[in-house]
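Read off the chains here:
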Amino acid sequence: MLKVGVLGAGHLGKIHLRLLQQSDKYELVGFYDENQENAERISKEFGYKNFSTIAKLIHAVDVIDIVTPTLSHYKCAKVAIKSGKHIFIEKPIANTVEEAEEIIALAKEYNVKGQVGHVERFNPAFIATKNMIENPMFIETHRLAEFNPRGTDVPVVLDLMIHDIDAILSVVNSKVKDIHASGVSVISDTPDIANARIEFENGCVANLTASRISLKNMRKSRFFQKDAYISVDFLEKKCEVVRMKDAPEVPGDFDMILQNAEGVKKQIYFTNPDVEQNNAILDELESFANAVNTDTTPVVTLEQATDALRVAYQIIDCFDKK
């Protein structure tokens with residue numbers, strides 16, 4: 001079991017603490033939160049050991065789980081890495097691309113592993129379909145959330161859309177060629193609703209919409225590729241795959257057949273892959289433990305998270321140009 005400590009005991013930090021205590025891959029040593037009043041309350045209520053300084057916590061563990069506000073990710077990661085500790089960082093990896101690149105360089109220099117909490121990679125609906133997503137040429141995503149003051153300190157692109165950016169980059173095997181985007185600030189000082197069009201060198205186009213001022217929650221992605229359409233509902237944890245194959249000579253009474261203008265007939269098949277329910281946050285944390293223990297590459301690397309952050313800032317730059 002790896003000894004782990006958590007930095008940050010806010011909303012998400014408390015979830016990490018609870019799951020790490022349950023895990024049989026980690027020994028939860030304790031946590032540090034700069035708000036000592038909050039830290040003492042959590043320690044008293046749940047029994048987690050509250051460390052008085054970051055340095056004392058880092059010294060006592062093998063892995064540091066960074067669940068602090070984004071602005072402090074780099075500072076916390078730097079201290080942990082220089083102490084030779086492996087790091088799990090909540091998304092986004094850092095506040096700037098430059099900070100993220102320095103985290104990568106430090107991790108290589110000190111030979112430690114790092115993983116970033118892009119939790120949708122562990123969503124069971126995405127896991128059930130990921131191997132079926134082959135060379136998609138059009139992708140459409142909608143990530144809509146009801147208004148919540150927590151998180152409005154950053155643009156909606158870094159708060160919500162970055163989940164879909166990371167998922168898309170993980171399935172499109174091509175470099176980004178061009179980005180067009182627009183965003184509108186409705187309630188916050190930064191955009192609350194945004195749309196982006198990402199064009200890849202291989203011709204794939206992804207159209208992403210994210211909002212934190214919607215009347216209902218939605219997290220859906222659709223992937224279109226040759227002879228297949230794959231729908232992933234990250235919120236409901238459901239998925240559907242629609243495939244087309246050459247129609248049989250003599251279709252059955254209930255076969256669904258489409259015929260195009262050239263007279264080519266295709267049969268449509270609907271399938272709903274089995275989705276194994278899981279706790280995605282626990283799975284991502286435990287997958288990192290496996291990577292450390294077996295000296296293998298983490299599922300969401302520091303480099304991949306930096307690529308997602310770079311694209312996110314390219315989208316934000318589009319807002320500034322308008």
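Rules of the game
- Residues numbered from 1 in each chain as written.
- Predicted model: local features only at pLDDT ≥ 70, side-chain atom pairs only at ≥ 80, totals over all residues.
- Heavy atoms only, no water.
- Pairing = 2+ DSSP bridges.
- Helix = DSSP H or I, 4+ residues; strand = E, 2+ residues; numbered from the N terminus.
- Axes fitted to C-alpha atoms, helices over the stretch in contact; angles between N-to-C directions.
- Expected span 1.5 Å × (residues − 1).
- Buried < 20%, exposed > 50% of the residue type's maximum accessible area, 1.4 Å probe, protein only.
- Contact = heavy atoms within 4.5 Å.
- Core = buried A, V, L, I, M, F, W, Y, C linked by side-chain atoms within 4.5 Å.
- Salt bridge = Lys/Arg side-chain N within 4 Å of Asp/Glu carboxyl O.

Caption draft 1: Representation of the sheet that holds strand 5 (residues 114-117). As summarised here, the arrangement of the five strands in space is 2-1-3-4-5, forming an open sheet in which the pairing is parallel. Only two strands of the sheet have a single partner each, and these edge strands are strand 2 (26-32) and strand 5. Across the sheet, the axes of successive neighbouring strands diverge by a mean angle of 20°, strand direction being ignored. Pairing geometry for strand 1 (residues 2-7) and strand 3 (residues 63-66), over four bridges, is parallel.

Caption draft 2: Examining helix 9 (residues 302-320) more closely. For helix 9, spanning 19 residues, the distance from its first C-alpha to its last is 27 Å, which sits close to the expected 27 Å at 1.5 Å a residue. Every buried residue belonging to helix 9 is among L302, A305, T306, A308, L309, V311, A312, I315, I316, C318 and F319, and all of these are buried. Against helix 5 (97-109), strand 5, helix 7 (156-171), strand 7 (176-184) and strand 8 (193-200) lie the buried residues of helix 9.

Caption draft 3: Up close: the nonpolar core. In terms of nonpolar packing, the biggest core is built from 96 residues, with Y26, I93, I103, V157, M161, I165 and I315 touching the most fellow members. Excluding its chain neighbours within four sequence positions, the residues that come into contact with I165 are V157, L208, A308, V311, A312 and I315.

Caption draft 4: Spotlight on the sheet that holds strand 8. Across the sheet, which stays open at both edges, the nine strands sit in the order 7-8-9-6-10-11-12-14-13 with mixed pairing between neighbours. With one partner strand each, in any of the chains shown, strand 7 and strand 13 (256-259) form the two edges of the open sheet. For this sheet the average axis-to-axis angle between neighbouring strands, irrespective of direction, equals 15°. Two strands pair when backbone bridges link them, and strand 13 and strand 14 (residues 265-271) are joined in this way by four bridges, in the antiparallel orientation.

Caption draft 5: Broad picture of the pattern of salt bridges. Applying the stated criterion across every chain, the model contains 13 salt bridges. In this structure, the salt-bridge partner of D227 is K266, at a minimum N-O distance of 3.8 Å. Of this pair, D227 sits in the loop between strand 10 (218-225) and strand 11 (228-233) while K266 sits in strand 14; the two residues are 39 residues apart in sequence, bridging distant segments of the chain. For D227, a relative accessible area of 27% puts it in the partly exposed group. Each of the salt bridges in this network shares a partner with another, and the network as a whole consists of E120, R143, D164 and R219.

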